[in-house]
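So you can see what is in the structure, the chains are spelled out below.
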Amino acid sequence: MATLYDNIGRTYSSRRQTDPRIAAAIVNAIDGCSSILNVGAGTGSYEPSSRTVVAVEPSRTMISQRPPGTAPVVQASAEALPFRDASFDAVLGILTAHHWKNQARGFSECVRVARSRVVFLTIDMDACARFWLFDYLPDLIRIDRLIFPRLERFQEAFGAIEVTNVPIPADCRDGFLGAYWKRPRAYLDPVVRASISTFSKIGDIKGQLVRLQSDIDSGEWDQRYSSLRNVNELDLGYRLITARISSA
């Protein structure tokens, strides 16, 4: 079961760590659920230790980085979950649906195995469009617009949904795309970029990175985005989608 992350996921355990503020929002969304299936679980971030969790992850590279004590993991894909109907109180998916080959099939499988709830952390790309990083690297948003499901897609799959804004703290510990919005120099680090999947899908960006570094060094970046100076968290379009499921 070869996947994209078998090639790009080797540094994920060091850069993609649980941010406690985002984790708190996720725990709140699964309140009252005792058993959780974490689909596209990666290296185990955001798996609540206070619940019974089973993880599903297609990439052997990611599975190998799961630390001792994390939830038991099954190598499988979202589109073919190897569980009986209504096996779990809730299904959780953290920044994963945009990687699925068949989103409709994956969502259907999540509904099938959930008794009570499905919860997804995703990005509303329309709300994310003003992120300054796209001023330097427009191919990032062009690609992500193609793969991230729109909120309407979640409604089609689950019916009524609750959408919760998840602001990203300036010192976010989870190194996803928007994590370094107040630390622009981080995007110059190839290890940081290697832990953000969209960077693997764009071509040569040396020229854009030179421009970014020049603007940071000269103070131009700080001047251009001076509105961020006194901001401690920012809405970059990250959204928590919660839907109630009836297994009857």
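Attention in this report is confined to the structure presented alongside it. Here the structure is a predicted model, which is why all the values come from computation and not from measurement.

## Points about the sheet that holds strand β6 (residues 162–165)
Then comes step 1: The strand order across the open sheet formed by 7 strands is β3-β2-β1-β4-β5-β9-β6, and the pairing between neighbours is mixed. Looking along the sheet, the strands with just one partner apiece sit at the ends: β3 (73–74) and β6.
Then comes step 2: Both strand β4 (residues 88–94) and strand β5 (residues 114–123) contribute to a ladder of 6 bridges, which runs parallel. Along β5, the bridge assignment pairs I94 with L121.
Then comes step 3: In the packing of helix α3 (residues 20–29) onto the sheet, the strands contacted are β4, β5 and β9 (238–244), and the crossing angle to β9 comes to about 10°.
Then comes step 4: Those strands touched by helix α5 (residues 103–113) are β1 (35–39), β4 and β5, and its axis lies near 145° from that of β5.

## Observations regarding unusual backbone geometry
Then comes step 1: A positive phi angle, near 55°, is found at A86, a position not held by glycine.
Then comes step 2: In this structure A86 comes out as partly exposed when scored by relative accessible area, which is 23%.
Then comes step 3: Backbone geometry places L95, a non-glycine residue, at a positive phi of 45°.
Then comes step 4: According to the relative accessible area criterion, L95 is buried, its value standing at 12%.

## Some details on the packing of aromatic side chains
Then comes step 1: For the structure on display, the rule yields 18 aromatic pairs.
Then comes step 2: Each ring, one from W132 and one from Y136, has its centre 6.0 Å from the other, and the planes form 85°; the classification is edge-to-face.
Then comes step 3: Residue class for W132 comes out buried when judged on its relative accessible area of 3%.
Then comes step 4: Looking at Y136, the relative accessible area reads 2%, which means it is buried.
Then comes step 5: A centroid spacing of 5.2 Å and a plane angle of 75° characterise the contact between W132 and W221, whose relative ring orientation is edge-to-face.

## Regarding helix α8 (residues 138–147)
Then comes step 1: Restricting attention to buried positions, one finds in α8 the residues L140, I141, I143 and D144. In a view along the axis of α8, the buried residues occupy a sector of 165°, so they form one face of it.
Then comes step 2: Among the structural elements, α6 (125–128) and α7 (133–136) are those in contact with the buried residues of α8.

## Looking at the environment of I202
Then comes step 1: Summarising the element assignment, I202 is placed in the loop between α10 (190–194) and α11 (206–218).
Then comes step 2: In this structure the C-alpha to C-alpha distance between I202 and S59, which are 143 residues apart in sequence, comes to 21 Å.
Then comes step 3: Sequence-distant contacts of I202, that is, excluding residues within four places in its chain, are made with D139, L140 and I143.

What counts and how
- Residues numbered from 1 in each chain as written.
- Predicted model: local features only at pLDDT ≥ 70, side-chain atom pairs only at ≥ 80, totals over all residues.
- Heavy atoms only, no water.
- Pairing = 2+ DSSP bridges.
- Helix = DSSP H or I, 4+ residues; strand = E, 2+ residues; numbered from the N terminus.
- Contact = heavy atoms within 4.5 Å.
- Axes fitted to C-alpha atoms, helices over the stretch in contact; angles between N-to-C directions.
- Buried < 20%, exposed > 50% of the residue type's maximum accessible area, 1.4 Å probe, protein only.
- Phe/Tyr/Trp six-rings, centres within 6.5 Å; stacked < 30°, edge-to-face > 60°.
- Arc of directions from axis to C-beta.

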